Structure formats: structure tokens, C-alpha cells
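# Results of the structural survey
Here's the letter readout for the chains.
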Amino acid sequence: MASKSKGKQRGEDIQQEDVFQAVVIADSFNVRFAPITNEKPKSLLPLANIPVLDYTLEFLVTAGVQEIFVFCCHLADQIRTHIRQSKWSECSSCTITPVLSESCMSMGDALREIHDKSVIRSDFVLVFGDTVANLRLQDVLQEHKKRLQDKTNPQNKNSVMTMIFQKVPPGHRSRNKEDDIFLAVDQTSNRVLHYQRVREQSKLQIPVDVLADNADVQLRYDLLDSQISVCSPEVLALFKDNFDYLNRDHFVKGLLDNEDIMEKTIHMCVLNDGYTGRVSNLQMYDTVSRDVICRWSYPLVPDTQTDNQGQIISHNRHNIYTSKDVMLAKGCVLEQNVLVGRGTRIGSNTRITDSVIGKDCKIGSDVVIENAYIWDGVTIEDQCCVDTAVICDNVVVYACTSVGPGCVLSYNVKVGPSVKIEARSRLQAAKDMDDDFGDELTEADQDAVSIINYGSKSQAFLHQPPEDSDDEDNDLVQDMFGLGIQSESSTEASSLSERSSDDEAMLDDEELFYSELLDTLVKAKEDNYNTENLILEINSLKHTYNIAIRDLYGMVMKGLIEIPLRDSQDLEPGAQLANVKKNFVRYKPLILNYIKSEESQLDCLHALEDFALSNKTVSTLLVKLLHILYDADILSEVVLIKWHNMEKEEEYKAIAKQVAPLIKWLEEAEEETSDEELGSD
């Protein structure tokens, strides 16, 4: 009896040691975020004002991981300090251990070092430290363990990795082009037979034996690779034995090409629920940030996350997030999808949309910020414009300065006043390389160069990637926020042809978006969507097709008119107008979500002009439609008069004449109101 009891106790000890572990690679081993990552590791960059690594750790802890090893290379001390000073140091349900090494040059090197430390004792999750996800890992882990215990099928028993995918259609904004993959899978067992990155190839090749040796092969191009894997400890040994495995792609290809020799297999799992995204480049930084702000990643959203100071964020309509001590001056407008960090002050008549503002920022008056990421301690003076840019900590943008799309202003940069920063510029505060003549620039020379290019108060230099860098971002074409960047060697002819094809693609995107928008509005009516859910659907479509916010205003209004007209095309004009008016009443909160500023009202009116030119029914009803929108306080008389008085091209003059009686009536009504006010005084 004693021996049985002792044996049972030993078995329980072994079972207790089988803890759920994870390895987080907190380095991307590239320079895609340079020059930002020259001063701070990518995993600590703020995403919706929270370090990216915190999202990864929150995901793993919530998923039930009990022991996490965070592998740090570049600026490793900063990551270790962050973990020690954050809430993770007091996490009772999970132990988080930083593993430091400055000599590793790839993910493969990192895993070989983890192997040498002998800290992984059971199946583990392999994930990058720039991952935002809310997937159910326990289910995948159990599926992986069950597969290993299947003694009837050697291919299952020899599985060393389960790769996690999500079904995402090609072209979706959450699919990074460089991560597009093509898979061949055994449909009965989910065994991966072929794995290939597409990288915009027009033709794909599948090994003949994949199709010949397997009876039930499924080809997939509709999957997003989450870059999250459940691995057996053998994975580390295989990396150790094969020094040519530099990353997971090399590992997967090596095993698939030599499956008969190594006798190891890889499986996959497709999760239909949950969210996952990797901040692998600036385009994905933008995409994942938008997803967090729009709450696709719930519960990993701003109002559930806190920083080291216990910052509390409130969530309001239209996805406006603010801290309690934010100061908003009279007349400033936070339109939609905006996060403002604690201690930030925003001046009068400033307009912000689809942007994140960090902590302790000072935003002046008459500033326009769209699709931008403003980090902590930034100062933006009056009458500036920032469009689709990243502005890092302690940057100063002096008055009347415009920051173009795709720009990155690294730490402590100063630009302006009264300059326009060229689109896609990456600026840093100090010149870190010699000039063209090989002589090191003096401090005075540096100041002179900065002033000439970026303003009289500037401290900014164009970032030049290292000559020996083989990173993909230094190839002929780069992507920043999804904006293509042509190399200097591109010929003028090719630029013109690409511009033409881009214009066609943009037109196609707008047509596809409008078609999807109409379908969404119809479905919303049939399923009785509430306004917030409908706004989320429309905003998601906007980001998917990269539609400008100013184009969206008109398309929403056009759609709300077209659907009731289409449903009542056989009726008299009076009945058609009644249907449109009914639709306006039903969706007034939706309209006011998008059309609230003077600028958005003008965009709406310009869209209605174009719609009237192309649609005879709309042309007939235009004056009454404008009157309905005016009565509903959607269009103001000031904007209507201003729009009518604008200089018109020949094709629009007939419309101006048509609406002239309405405008005259509005002007007379305004004069009468003014006279009454004067009389009362």
C-alpha cells in the first residue's frame, strides 16, 4: 500500500509541474519602426496609450497561462524595468520572467537560447510581444494535447505545433499584404501540407506529392495567420539542431519539406470567434489601433485598461474616450473614434477625428487632427494640421505647420512654424550620420540644415536607414499607413502608369464600399440594428475600403435617399418624398453622427449636387429634400446660403437656379429674425 501511495504522490507531483507556459518574443528583429525604435523597443510603444506588450500579457494571463517568459533583445533593460514597475510584477495568477540577451539576431536565436536555459517543461504558447488578441487558448491547447495522445495515427502523435488562424477574406484591412498566406491542409485531420507566403505573386506552386499523396486536400487563401502557435517542447530542440531556422516560417518550411526524414508534423486550428492582430508595421499599427478604439478587441479596450498611474478612461458615444482631467476649450469638436489621455488640453475650434492623443499634451486653437497618433507630452500650436501621422513623445509642432500623410516625427523633434512637412517623412531630433562629404556636421551646421528644411524653430533631420540593412522596408516599395512609397529610382513613366491604376483602384474601392454600404443599410432595417451597431458596421467598412471621412459624409446621405427611392420607384413623387422623409427621421442619429460640422454639411451638399446630376428623381425632389434636412436641424441656413453662393461650374448652375427660391426664403427669414432682435434691444 505504501508503495502505491508513494507512486500516486509522485504522479501528482509530475502533473502539478505541467503548467501552462508561454514564450513572448518582445523583439521584431527589424527596423521598420525606425527611428522610433532607436530609443524605445517596439513592444513598449503606446497603442491607444497603453504599451503594446501589456495587451499581449493581458491576453495570455486572461487565457490562463501560468508562466510567461518575455524574451528581450533590443533595449532589453527598458522592458525588464517596465515589467517590474507595472501591474504584472504583482500578478498572483501568473509568473512573468524577463529573459535578456543582446546577442540574438533572430527569433531562431532567441528560441535556441530559451532551449539552453531549460525553462520550458511542457507545451507552451509562442507569441510575439506586439500581439493584441482575445482568443480562447485553452481550447487550442486541449486540442493539441489530445492530438499527441492519439496513438492510432502517427501523424497526430508526431505533431509538434498547432498554428492558429482566423478566417479573414483577402483584401480585408486586418490582413497585412506581406503576411498573406496560401495553405494546403488535410481536411480530415487539419494537418498542414503546404505553407507559402504569397507576397503579391501572380502564380502559386504546390508540390505534386501534396496532391498525389493525400486524398482530401483543402486549399485556403482566406485565412489570417495570427502568428500565435501552441508548441511542444520539441520545437525548441528542433530550432537548436537547425541553425538555419531564423524564424517560424523557416521552421514550418523545414519540417514540411523534410517531413519524411524528421517524422514531425504541423497542424492548424481555425478560430471563428475572437480578435487577433499584430503590430508588425505602421500600417498594422494604424489598423490595430482603430480596432481597439472601435472595440473589436473587447475586453482589451481603452476604458478597461489602466496605466501605471491608474488612469481611468470614460467611454462615450461615437467612441469618444477621455480622462477626467482633460480640458476641452469652447468650440473644440471630438468627432468620432477619439481617445484623449489624462492632463491633455485642447484649444478652441479644434477638430479631432479618428485619432489618439496621449497624456499631458497641449493642442492649440484652430487645429485639425485626422487619423493621427499623438503620444505623450506633445505640443501642437495654433492653426496646425496633422493628417495620418505618428508624433512621438515631447514633439513640438509650431504654429501654422502642416504634417503630411504618412509622416513619423520621432522623440523631441521640433518643426515649424509655417512650414509643410512633406508626406511620408521620417524625422528625428539629431543627425546620426555624416554629411555627403564625409565630414561630421558641427552642432551649428546641424541647426542650419534643420532650419532650412523644417522651419526657423526646428530641430529635425530626415532619418536615413542604415546602408547595410536588409530589412524589407528598405526595398523599392514601402508601406506606411498603407500608403505606397516609390523609390527614387522609379521612372516617371512607371509612376504615371501606377498613378493611373491607383486611380482606377480607388474608384473601384469607392464603388465597392457604396454597394456594401447600401447592403448594410438594408440589413440594418430588416434586423432592426440600433444606431451604435450600425455606426460600427459603417466605420468598419470605411476602414476596409480606405474611404476618406469627407467622402463618407456624402455616401451615407446618398444611401439614405437611394434606398427608399428604390423601394418606391413606381409611386408618385409625393409618396417617394414621404418615404425619404421617413428614412431621415428613422436614421437622424446616424446622420448627426457624421454630419455635424460646417465642413461635413458642405461635403453632404456637394454630394447631393452630384447625385441630382445623375438621378432625375433626386433632381426633381432636391429642393424639398434640402428643406426637410433644414427643418430637421441637419443642415443649417448659414451653410445652405454659403453653399449656394459658392462659385459653380457650368453643370451645377442649373441646380443653383433650382434651389434659389429656398435660399431667398432662408435669407429673408434670417433678416426678419435679425430685425426682431434689434427691435427687442
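Notes on the structure follow. Everything quoted here is computed from the prediction, not taken from an experiment.

About the cut-offs
Residues numbered from 1 in each chain as written. Predicted model: local features only at pLDDT ≥ 70, side-chain atom pairs only at ≥ 80, totals over all residues. Heavy atoms only, no water. Pairing = 2+ DSSP bridges. Helix = DSSP H or I, 4+ residues; strand = E, 2+ residues; numbered from the N terminus. Buried < 20%, exposed > 50% of the residue type's maximum accessible area, 1.4 Å probe, protein only. Salt bridge = Lys/Arg side-chain N within 4 Å of Asp/Glu carboxyl O.

### Let's talk about the sheet that holds strand S26 (residues 379–380)
The six strands are arranged S17-S20-S23-S26-S29-S32 in an open sheet whose pairing can be described as parallel. Unpaired on one side and paired on the other, strand S17 (327–328) and strand S32 (414–415) mark the two borders of the sheet. Sheet topology note: the strand S20 (residues 345–346)/strand S23 (residues 362–363) ladder contains two bridges and is parallel. Looking at S23, one finds that arginine 345 is bridged to lysine 362.

### Describing the pairing of strand S4 (residues 67–72)
For a regular strand, side-chain orientation follows a simple rule: the groups alternate between the two sheet faces. For S4, the tally of buried residues reaches six of six residues, placing the bulk of the element in the interior. Alternating positions in S4 separate into two faces, Glu67, Phe69 and Phe71 on one and Ile68, Val70 and Cys72 on the other, with burial throughout. By the bridge criterion, five bridges tie strand S1 (residues 21–25) to S4 in an arrangement that is parallel. The residue bridging valine 23 from the neighbouring strand is phenylalanine 69, located in S4. As paired elements, S4 and strand S5 (residues 95–100) share six bridges and run parallel to each other. Within S5, the residue paired with cysteine 72 across the bridge is leucine 100.

### A word on the sheet that holds strand S35 (residues 461–462)
One open sheet holds the nine strands; their spatial order is S15-S16-S19-S22-S25-S28-S31-S34-S35, and the pairing between them is mixed. With one partner strand each, in any of the chains shown, strand S15 (313–316) and S35 form the two edges of the open sheet. By the bridge criterion, two bridges tie strand S31 (residues 408–409) to strand S34 (residues 426–428) in an arrangement that is parallel. Paired with leucine 409 across the two strands is leucine 427, which belongs to S34.

### Examining the pattern of salt bridges
The full count for this structure, using the stated rule, is 28 salt bridges. Arginine 112 serves as the salt-bridge partner of aspartate 109, at 3.1 Å between the closest nitrogen and oxygen. Of this pair, aspartate 109 and arginine 112 both sit in helix H4 (residues 107–117), separated by three residues, roughly a single helical turn. By relative accessible area, which is 24% here, aspartate 109 ends up partly exposed. Between aspartate 603 and arginine 550 there is a salt bridge, and its shortest N-O distance comes to 3.0 Å. Taken as a pair, aspartate 603 in helix H18 (residues 598–614) and arginine 550 in helix H15 (residues 549–567) lie far apart in primary sequence, 53 residues in all. Owing to a relative accessible area of 41%, arginine 550 belongs among the partly exposed residues under this scheme. Residues joined by salt bridges that share partners form a network here, namely Glu335, Arg351, Glu370, Arg550, Glu599 and Asp603.

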